[in-house]
Amino acid sequence: MNILEIINKKKNKLSLSKDELFYAFNGYDKDDVKDYQMASLLMAIAINGLSEQETFDLTEIFIESGEIIKFDDINYVDKHSTGGIGDKTTLIVAPIVAACGIPILKMSGRGLGHTGGTIDKLESIKDFKINLSIDEIKENLLKNKIVLVGQSANIVPMDKKIYLLRDVTATVESIELIAVSIMSKKIALGAKNIVIDLKVGKGALIKNHEDASKLSNLMKKIGNKFNVNVSFVISNMDNPLGITIGNSLEVLESIQVLKGKGAIDITNLSLVLSAKLIQMHKNITFEEAFKTASETLEKGLAFNKFLELIKSQEGILGSLRKATNEMVIYSQKKGYITSINAYGLGVEAKNIKAGRTNKDDIIDYQVGIELHYQVGQFVTEDVPLATVYYNDVKPSEEEIIKCFIIEENKTESKLILGVID
Ligand code: URA
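Residues numbered from 1 in each chain as written. Predicted model: local features only at pLDDT ≥ 70, side-chain atom pairs only at ≥ 80, totals over all residues. Heavy atoms only, no water.

Draft legend 1. Representation of the site of the ligand within the structure. What surrounds the ligand is the set His80, Tyr163, Arg166, Ile178, Ser181, Ile182, Lys185 and Leu205. Interatomic distance of 2.5 Å between a side-chain N/O atom of lysine 185 and an oxygen atom of the ligand. Computed on the free molecule, the ligand has an accessible area of 230 Å², of which 91% lies beneath the protein chains in the complex. Broken down by secondary-structure element, the contributors of at least two residues to the shell around the ligand are α8 (157-167) and α9 (175-188). (Near = heavy atom within 4 Å. Polar contact = N/O pair within 3.5 Å; in protein donor to acceptor, adjacent residues only side chain to side chain. Areas by Shrake-Rupley, 256 points an atom, 1.4 Å probe, with all protein chains shown as cover. Helix = DSSP H or I, 4+ residues; strand = E, 2+ residues; numbered from the N terminus.)

Draft legend 2. Layout of the nonpolar core. By size, the foremost hydrophobic cluster in this structure holds 75 residues, and its most contacted members are Ile104, Leu122, Leu345 and Phe404. Sort the elements by how many residues they give to this core and helix α12 (residues 264-282) lands first, with eight residues. Phenylalanine 404 has contacts with Ser339, Ile340, Leu371, Leu385 and Ala386, leaving out every residue within four places of it along the chain. With 62 residues, the next largest nonpolar core counts Ile137, Ile178, Val180 and Ala212 among its residues. (Core = buried A, V, L, I, M, F, W, Y, C linked by side-chain atoms within 4.5 Å. Buried < 20%, exposed > 50% of the residue type's maximum accessible area, 1.4 Å probe, protein only. Contact = heavy atoms within 4.5 Å.)

Draft legend 3. Layout of the side chain of lysine 10. Residue placement: lysine 10 occurs in helix α1 (residues 3-11). Setting aside anything within four residues of it in sequence, one finds lysine 10 in contact with Ser15, Leu16, Leu41, Ala44, Ile45, Asn48, Gly49, Leu50 and Glu54.

Draft legend 4. Structural view of unusual backbone geometry. Phi is positive for lysine 353, which is not a glycine, with a value near 90°. Here lysine 353 falls in the partly exposed class, since its relative accessible area comes to 32%. Positive phi, normally seen in glycine, also occurs at aspartate 382, with a value near 75°. Mapped onto the elements, aspartate 382 comes out in the loop between β10 (378-379) and β11 (384-390).

Draft legend 5. Region of interest: the pattern of salt bridges. As enumerated under the stated definition, the model contains 23 salt bridges in all. Of the charged contacts in the structure, one is a salt bridge between aspartate 72 and lysine 70, with a shortest N-O distance of 3.6 Å. With respect to burial, aspartate 72 and lysine 70 carry one shared label: exposed. For aspartate 87, the salt bridge is made with lysine 199, and the minimal N-O distance between the two is 3.7 Å. (Salt bridge = Lys/Arg side-chain N within 4 Å of Asp/Glu carboxyl O.)

Draft legend 6. Structural view of the side chain of glutamine 279. With respect to the helices and strands, the residue glutamine 279 is situated in helix α12. Discounting residues that sit within four places of it in the chain, glutamine 279 has contacts with Ile284, Thr285, Phe286 and Ala289.

Draft legend 7. Quick look at the packing of aromatic side chains. Using the criterion set out here, one finds four aromatic pairs in the structure. Judged by centre distance (6.0 Å) and plane angle (55°), the ring pair of phenylalanine 25 and phenylalanine 62 falls under tilted. Of the two residues, phenylalanine 25 is situated in helix α2 (residues 18-29) and phenylalanine 62 in helix α4 (residues 52-63); the sequence distance between them amounts to 37 residues. One exposure class covers both phenylalanine 25 and phenylalanine 62, and it is buried. For the ring pair phenylalanine 286 and phenylalanine 290, a centre distance of 6.0 Å and an interplane angle of 40° mean the geometry is tilted. Of this pair, phenylalanine 286 and phenylalanine 290 both sit in helix α13 (residues 286-298), separated by four residues, roughly a single helical turn. By relative accessible area, which is 23% here, phenylalanine 286 ends up partly exposed. (Phe/Tyr/Trp six-rings, centres within 6.5 Å; stacked < 30°, edge-to-face > 60°.)

Draft legend 8. Spatial organisation of the sheet that holds strand β7 (residues 325-330). With respect to topology, four strands assemble into an open sheet ordered β6-β9-β11-β7, the strand pairing being antiparallel. Either end of the sheet is taken by a strand with one partner, and the two such strands are β6 (244-245) and β7. Sitting on the sheet, helix α15 (residues 342-351) touches β6 and β9 (368-371), and the angle it makes with β9 is about 140°. (Pairing = 2+ DSSP bridges. Axes fitted to C-alpha atoms, helices over the stretch in contact; angles between N-to-C directions.)

Draft legend 9. Up close: the pairing of strand β3 (residues 146-150). The buried fraction of β3 amounts to five of the five residues, a majority that puts the element mostly inside the structure. Alternating residues of β3 divide into Ile146, Leu148 and Gly150 and Val147 and Val149, and every residue in both groups is buried. For strand β2 (residues 104-108) and β3, the ladder comprises five bridges, and the chain directions are parallel. Pairing of methionine 107 across the sheet is with valine 149, part of β3.

Draft legend 10. Main features of the packing of α4 against helix α10 (residues 209-225). Packing of α4 against α10 brings their axes to within 11 Å, and their N-to-C directions diverge by 60°. As judged from the angle between their axes, α4 and α10 are oblique. Regarding α4 and α10, the two cross each other, and that crossing is right-handed. Facing Glu52, Thr55, Phe56 and Thr59 of α4, the residues of α10 in contact are Leu218, Lys221, Ile222 and Lys225. Broken down by class, the residue content of the contact of α4 with α10 amounts to three nonpolar, two polar and three charged. (Parallel < 35°, antiparallel > 145°, perpendicular 65-115°, else oblique. Left-handed = near helix turned anticlockwise from the far one by under 90°. Nonpolar A, V, L, I, M, F, W, Y, C, P; charged D, E, K, R; others polar.)

Draft legend 11. Expanded view of the environment of asparagine 391. Among the structural elements, asparagine 391 can be located in the loop between β11 and α16 (397-402). Owing to a relative accessible area of 24%, asparagine 391 belongs among the partly exposed residues under this scheme. Note: C-alpha distance between asparagine 391 and isoleucine 130 (261 residues apart in sequence) is 25 Å. When sequence neighbours within four positions are dropped, the list of residues in contact with asparagine 391 reads Ala323, Thr324, Asn325, Asp364, Gln366 and Val367.

Right under this line is the structure:
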């Protein structure tokens with residue numbers, strides 16, 4: 001077997017055996033296969049796809065590249081989002097679910113490009129410990145029912161390496177590679193019930209419904225193969241979620257949502273995601289589960305659980321700060337906001353250092369954008385549309401104002417586009 005034969009086979013649309021996939025991907029993990037060879041194979045896969053069997057085989061190879069967590073005595077759930085602008089639902093869903101008595105273990109990543117990562121948000125909380133040992137994870141799950149950790153080097157290390165290469169070779173958008181990347185990490189973490197928030201739209205990895213449907217079908221099949229229940233909430237990512245973009249700002253907004261004072265869109269999506277997990281875990285109807293989730297939020301139980309989480313992972317909430325420089329963006333028109341370009345604001349937030357362009361960039365947790373109006377609202381000329389909090393890099397007022405589309409007539413924008421069991 002050699003790597004050139006394998007690349008050629010995929011280039012010629014032929015299927016690869018599990019041994020051939022192992023030879024290529026394990027070889028890359030061990031530095032025997034070079035970056036340029038793996039880049040070429042990834043591009044051949046991105047163009048010609050993988051069969052179902054190849055996808056299952058590659059998922060298994062990914063899972064087996066590292067440690068597999070298995071707490072047989074704890075029945076816990078997990079959630080995943082394919083990534084978007086202002087998406088802080090993990091910080092809200094995990095406390096809701098745990099406050100309902102359901103253990104939740106979530107391993108999150110850092111943001112790269114225009115989307116944010118939950119770990120960056122958690123790290124904006126001073127001293128919050130994102131690296132826990134397997135024993136600490138188990139202890140916290142048993143005690144508090146909630147654990148949020150970073151992507152440990154030992155859980156699917158192959159994905160970390162391949163993802164970085166995909167990110168710089170225009171191969172991130174391959175449906176099969178996304179399915180393998182997400183599902184291998186979920187399966188290695190050992191939850192039996194998982195909900196995936198599949199984002200679709202201009203600010204998301206998946207741009208249209210057809211691809212969302214293909215991806216959810218494939219992930220469902222991988223779940224079945226590995227005995228894991230997966231449900232999907234398909235949600236719109238044309239506009240930012242909630243009213244803040246940027247790490248500390250998003251934690252502060254999550255606290256408002258947990259106190260019952262959040263924007264309707266983020267509150268509702270968080271409740272739907274929580275309800276799906278409660279429904280799957282307790283085997284009850286969605287309506288019953290939604291009621292449980294709503295009551296847990298209303299009674300302040302989820303907020304208390306969030307405080308328990310911060311305490312158990314040693315964070316200091318009082319340390320959260322916004323950057324001191326403010327730039328207010330004013331409306332130049334009267335009318336309804338019909339769209340707020342999530343991708344555009346994500347790029348602007350990244351430019352002022354809320355996110356990274358390169359994986360080693362240092363981010364500024366205090367900077368970000370706060371929206372004063374959301375899609376569907378009426379504004380007059382000169383009202384403040386947003387405030388940008390910044391430190392050393394000045395935001396571009398011109399680029400930010402362009403992200404707000406204001407028109408005479410109101411248009412409806414639906415956030416939750418579908419639920420797939
Ligand atoms: N999220 C992941 O973890 N992997 C992908 O490939 C895409 C989104």
